[in-house]
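Structural overview
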Amino acid sequence: MTAKRILALAAAVPLMAGLAGAANAAPAQTPAEILQAGAQAGLKDGYPAVIGMVRDGDNTQYIQAGAADRVKGTPADPKMKFRIGSNTKAFTATVLLQLEAEHKLSLDDTVDHWLPGAVHANGNDGTKITLRQLLTHTSGIPDYAGNAQFDLNYVGNLDPSLQWAPQTLVNLGTASKPVAAPGAKYSYSSTNYVLAGMVIKAVTGNDPAAEIQHRIIEPLGLHDTTFPTSDPAMPANSLNGYFLALGVYRDVTASQVQAFGSAGAIVSTLDDLATFERALMTGKLLQPAQEQELKTTVPMDATSGNGYGLGIGHAQTPCGPVWTHTGAVLGYLSQWITSDDGSKQMVYAVNEFHMIEGTPGQTDVGTAALNAYCAL
């Protein structure tokens, strides 16, 4: 298997994982019972732990299964922290939308306007790519996750403290020719959101972590959410992360946080992630014009009806359309699903991810997650 196949990363676990065939749970089961059954199936599939929550209005129920630490046998707790991976992208997109509302930038600005020369190699041209195209993954810029130099360092995790400068990641992405002309098609690429973070710094003078902290984390009271920028260790009360290969579990709890930065570095909890998504869906973080932009989607393919907005996905399901996103980084996988009004929510996280899509665990837990949501 090639490194590119192994490390498709946030494209790696399909954005709509588990959303294709579901809504077939027994009517007598509660949403929490459905999700709990999926968690137990996940343990049989090899996940050390699964945690999750379902929320209908103010009524929240939690589930947990397995061990947060396989060596110590520490039971998983739904209040534990985990790496949210590409669910970070919605935070980054929100900051850019807020900056637009403040008239500090326009999403129709070119990348080159804010980052002169940052995208200028092998046909990738920042003078022709807009900030909106970065956020909708229609820039055509290839994903650096798939470049052999990156893959070997990140997946091997031999140096968890290894630092990746954002421009270095962009250069790895633009070492390949564009996958399409700007605006021509959806093609998931974390390079887009690394560039979005660079734009945030160019506009504000602050790192994206600082802007996300004072614009989102603090106002919403997300006390268990952090954006690490250098320390590879996880905070206290966290799930350990694991990489399962050939029946052997490798502990990858400490990993390279700069490898994804504004595309995937945030650490959070089920509660905090649900609070953020509800606030985002209901306009508490954005002005009406920007909320409309957030939810304006581009087609992800020609047939499914699924679309991608600005850091969030829109999926057609057996119980109607939902907003959703998946986050997958070394050792951790998570997903959220929410109704358009934010009243109905499901969030789950598992503490094993070995950079391969379509595993039994992803299918079993993802299907249970949608069934649980649809039962709300």
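As a starting point, this report considers the structure included with it. As the structure is a computational prediction, the values presented were derived from the model and not from experiment. (Residues numbered from 1 in each chain as written. Predicted model: local features only at pLDDT ≥ 70, side-chain atom pairs only at ≥ 80, totals over all residues. Heavy atoms only, no water.)

Notes on the overall build of the protein chain
Helix and strand counts for the protein chain come out as twelve helices and 15 strands. Its C-alpha radius of gyration of 19 Å places the protein chain within 12% of the 21 Å reference for a compact globule of 376 residues. Seen through its C-alpha atoms, the protein chain measures out along the principal axes to roughly 55 × 45 × 40 Å. Here the protein chain holds 376 residues, and the buried ones make up 58% of them. For the protein chain, the accessible area works out to roughly 13900 Å², and carbon and sulfur atoms hold 53% of it. Charged side chains of the protein chain number 22 positive and 32 negative; the gap between the two group centres comes to 3 Å. (Helix = DSSP H or I, 4+ residues; strand = E, 2+ residues; numbered from the N terminus. Rg over C-alpha atoms; globule rule 2.2 N^0.38 Å. Buried < 20%, exposed > 50% of the residue type's maximum accessible area, 1.4 Å probe, protein only. Areas by Shrake-Rupley, 256 points an atom, 1.4 Å probe, with all protein chains shown as cover. Lys, Arg positive; Asp, Glu negative; His and termini not counted. Charge placed at Lys NZ, Arg CZ, Asp CG, Glu CD.)

Overview of the nonpolar core
Phe91, Leu96, Phe150, Leu195, Leu239 and Leu280 are the most contacted members of the largest nonpolar core, which has 106 residues in total. At eight residues, the largest contribution of residues to this core is made by helix H8 (residues 190–204). The contacts of Leu195, once residues within four sequence positions are left out, are Val111, Leu115, Ala118, Val119, Leu134, Ile141 and Val170. (Core = buried A, V, L, I, M, F, W, Y, C linked by side-chain atoms within 4.5 Å. Contact = heavy atoms within 4.5 Å.)

Here's the deal with the packing of aromatic side chains
Counted by the stated rule, this structure contains ten aromatic pairs. Where Phe150 meets Phe260, the ring centres are 5.7 Å apart and the plane angle is 85 degrees; that geometry is what we call edge-to-face. With Phe150 in helix H6 (residues 148–156) and Phe260 in the loop between strand S8 (248–251) and strand S9 (267–268), this pair connects stretches of sequence that are 110 residues apart. Using a relative accessible area of 0% as the deciding quantity, one classes Phe150 as buried. Ring plane angle 90 degrees and centroid distance 6.3 Å describe the contact between Tyr242 and Tyr249, whose orientation is recorded as edge-to-face. What makes Tyr249 partly exposed here is its relative accessible area of 25%. Directly above the ring of Tyr249 sits Arg70, whose terminal nitrogen or CZ lies 3.8 Å from the centroid. Taking NZ or CZ as reference, Arg250 lies 4.5 Å from the ring centre of Phe243, over its face. (Phe/Tyr/Trp six-rings, centres within 6.5 Å; stacked < 30°, edge-to-face > 60°. Lys NZ or Arg CZ within 6 Å of the ring centre and 35° of its normal.)

Quick notes on the sheet that holds strand S1 (residues 49–56)
In a beta sheet, neighbouring strands pair by backbone hydrogen bonds and run either parallel or antiparallel. Strand order in the open sheet formed by nine strands is S3-S2-S1-S15-S14-S13-S12-S11-S10, and the pairing between neighbours is antiparallel. Edge positions in the sheet fall to strand S3 (74–75) and strand S10 (298–299), since each has one partner strand and no second. Pairing of S1 with strand S15 (residues 344–350) involves seven bridges; the strand directions are antiparallel. Looking at S15, one finds that Ile51 is bridged to Ala349. (Pairing = 2+ DSSP bridges.)

A few points about the state of the cysteines
Using the criterion set out here, one finds one disulfide in the structure. Between Cys319 and Cys374 runs a disulfide, and the two sulfur atoms are separated by 2.0 Å. Handedness here is read from the sign of the S-S torsion; for Cys319 and Cys374, about -70 degrees, the answer is left-handed. Here the residue Cys319 occupies a position in the loop between strand S12 (313–317) and strand S13 (320–329), and Cys374 occupies one in helix H12 (residues 360–374), the gap between them amounting to 55 residues. (Disulfide = S-S within 2.5 Å.)

Quick look at the environment of Thr363
Tracing the backbone through its elements, the reader meets Thr363 in helix H12. Along the primary structure Thr363 and Glu218 are separated by 145 residues, whereas in three dimensions their C-alpha atoms are 35 Å apart.

Notes on unusual backbone geometry
The backbone of Asn122 sits at a positive phi, close to 55 degrees, despite the residue not being glycine. Assignment of secondary structure puts Asn122 in the loop between strand S5 (120–121) and strand S6 (124–125). Although it is not a glycine, Asn157 sits at a positive phi angle of roughly 55 degrees. Counting through the fold element by element, Asn157 comes out in the loop between H6 and helix H7 (166–173).

A few points about the packing of helix H3 (residues 88–101) against helix H9 (residues 208–220)
Viewed as axis vectors pointing N to C, H3 and H9 meet at an angle of 80 degrees, and their least axial separation amounts to 10 Å. If you check the angle between H3 and H9, you find them roughly perpendicular. The segment H3 lies against H9, with Phe91, Thr92, Thr94, Val95, Gln98 and Leu99 engaging Glu211, Ile212, Arg215 and Ile216. For the contact of H3 with H9, the per-class residue count stands at five nonpolar, three polar and two charged. (Axes fitted to C-alpha atoms, helices over the stretch in contact; angles between N-to-C directions. Parallel < 35°, antiparallel > 145°, perpendicular 65-115°, else oblique. Nonpolar A, V, L, I, M, F, W, Y, C, P; charged D, E, K, R; others polar.)

Considerations on the environment of Leu35
In this fold, Leu35 is placed in helix H2 (residues 31–45). The class for Leu35 is buried, based on a relative accessible area of 2%. Along the sequence, Leu35 and Gly247 sit 212 residues apart, while their C-alpha atoms lie 25 Å from each other.

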